Amino acid sequence: MSQGVRTRPEDSGRPLSEAYDTALLDLDGVVYAGGDAIAHAVDSLAAARSGGMRLAYVTNNALRTPDAVAGHLTELGIPAAGDDVITSAQAVARLISEQVPAGARVLVIGGEGLRVALRERGLTPVESADDDPAAVVQGFGGPDLPWSRFAEASYAVRRGVPWFASNTDLTIPSGRGIAPGNGAAVEVVRIATGAEPQVAGKPLPPMHRETIIRTGAERPLVVGDRLDTDIEGAFNGGVDSLLVLTGVTDGAQLLAASPRHRPTYVDADLRGLLTGQPEVGAEGDGFRCGGWTATAGADRLEVAGDGEPLDGLRALCAAAWTAAGDGSCALDGAKALARLGF
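All of these numbers come straight from a predicted model, not from anything done at the bench. (Residues numbered from 1 in each chain as written. Predicted model: local features only at pLDDT ≥ 70, side-chain atom pairs only at ≥ 80, totals over all residues. Heavy atoms only, no water.)

1. Observations regarding the pattern of salt bridges
- Going through the model one piece at a time under the given rule, you end up with 21 salt bridges.
- The closest approach of N and O atoms between Glu 127 and Arg 149, which form a salt bridge, is 3.4 Å. Residue Glu 127 is located in the loop between strand S7 (124-126) and strand S8 (135-138), and its partner Arg 149 is located in helix H6 (residues 147-158); the two are separated by 22 residues in the primary sequence.
- Measuring nitrogen to oxygen at the nearest pair gives 3.7 Å for the salt bridge that ties Glu 283 to Arg 288.
- Using a relative accessible area of 39% as the deciding quantity, one classes Glu 283 as partly exposed.
- Arg 288 gets classed as partly exposed once you look at its relative accessible area, which sits at 33%.
- Members of the salt-bridge network, linked through shared partners, are Arg 94, Glu 120, Glu 210 and Arg 214. (Salt bridge = Lys/Arg side-chain N within 4 Å of Asp/Glu carboxyl O. Helix = DSSP H or I, 4+ residues; strand = E, 2+ residues; numbered from the N terminus. Buried < 20%, exposed > 50% of the residue type's maximum accessible area, 1.4 Å probe, protein only.)

Below you can see the structure in the form of structure tokens.
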């Protein structure tokens, strides 16, 4: 990945929806938050689709089936079919199917999304460690998943049954705030067993492989709000990414990002799919984007100029990431970010 947010010369001024054939869109924090669509998401996605871009919705949440997710999107005004949705349940089911016999029993600790994905791969979901499972799979089961399910997983894993997890996101956004995610539940079983699961979801390769298999994308663009899942997943897959600032990532986290967490593009929201991304270029001892110039000093980042605040943030990213090299930028960027309103 590059040292800073950038626009390829051949793509300068060209909308991302034309430069890439498929958008691999995260859901929570990108398309919706809780039960509501994020501002500008509905219109932006409609415009991108009408311009010929394929939209695929990629989620680490293994609770709901693709059809259920598509139904929710359609209710929000974003027409979608089950084939447009790729879940970590599908990715982990494929991973399991490659390691156990056809028709094997799999102990499920999670929701209906996991069961549907396992059946799709010809595997048999079971509910007890005493059902002689060939594998254990753990995915987000919602806030009402009984504690006894973690015990059931622990019994089987301690007997030596291979353990798989859809994903290890420690938190998940909800309409009321941030709640524990599947990663927190995985930690419960890890503590009880001392074992380590095989993980399929973002940012790991099985999830990227699943999205490419199901979409046939030739030039995909990953769109997300999280550096440690969406952007790192794009890095691991060797594809470009767009970070939108409608979710969990703030300006300070972005400036401190290590190489695997640095997005190709940054924008406020999904309207960024419809615009040409401004070029960030070296100028003197710093980097310029639009009307802003950013520099890295001895102990802090500085920004000067005027114009669109996002351009200032893009310039700051270039300065911070170039100064950090292969590491994480430790320079103080608080004053510069405050000037830009981030």
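2. Looking at the pairing of strand S14 (residues 240-244)
- Of all the five residues making up S14, five are buried; the element is thus mostly covered by neighbouring parts of the structure.
- Pairing geometry for strand S13 (residues 220-224) and S14, over four bridges, is parallel. What sits directly across from Leu 221, in S14, is Asp 240.
- The β-α-β motif built from S13, the intervening helix H9 (residues 227-237) and the parallel element S14 has right-handed crossover chirality. (Pairing = 2+ DSSP bridges. Right-handed = clockwise from strand over helix to strand, strands pointing away.)

3. Looking at the nonpolar core
- Counting 29 residues, the largest nonpolar core has Leu 25, Val 31, Tyr 57, Val 223 and Leu 270 as its most contacted members.
- Taken together, the elements giving at least two residues each to this core come down to helix H1 (16-19), strand S1 (22-25), helix H2 (41-50), strand S4 (54-59), helix H3 (66-75), S13 and S14.
- Leave out the neighbours within four places in its chain, and Val 223 touches Ala 23, Leu 24, Leu 25, Asp 26, Val 30, Leu 242, Val 244, Leu 270 and Leu 273.
- Counting residues in hydrophobic clusters, the runner-up holds 28 residues, among them Ala 318, Ala 320, Trp 321 and Ala 324. (Core = buried A, V, L, I, M, F, W, Y, C linked by side-chain atoms within 4.5 Å. Contact = heavy atoms within 4.5 Å.)

4. Examining the layout of surface pockets
- Of the volumes computed, that of the largest pocket is approximately 590 Å³.
- Lining the largest pocket we find 29 residues, and of these Phe 140, Gly 142, Pro 143, Ile 172 and Pro 180 sit closest to its centre.
- At the level of elements, H3, H6, strand S10 (171-174), strand S11 (177-180) and helix H7 (182-193) are the ones that each hand at least two residues to the lining of the largest pocket.
- A total of four residues in the lining of the largest pocket trace back to one element, the largest contributor, which is H7.
- Together, 13 residues line the second largest pocket, and Pro 66, Gly 82, Gln 90, Glu 120 and Arg 214 are the ones closest to its centre. (1 Å grid on protein atoms, 1.4 Å probe; cavity = no way out; pocket = protein on both sides within 12 Å on 5 of 7 lines; lining within 4 Å. Points joined across faces, edges and corners; volume = space filled by probe spheres on them.)

5. Notes on the environment of Leu 170
- One can find Leu 170 in the loop between strand S9 (163-165) and S10.
- Residues Leu 170 and Ala 257 lie 87 residues apart in sequence; the distance between their C-alpha atoms is 19 Å.
- Once residues lying within four places of it in the same chain are set aside, the contact partners of Leu 170 are Ala 179, Pro 180, Gly 181, Gly 183, Ala 184 and Glu 187.

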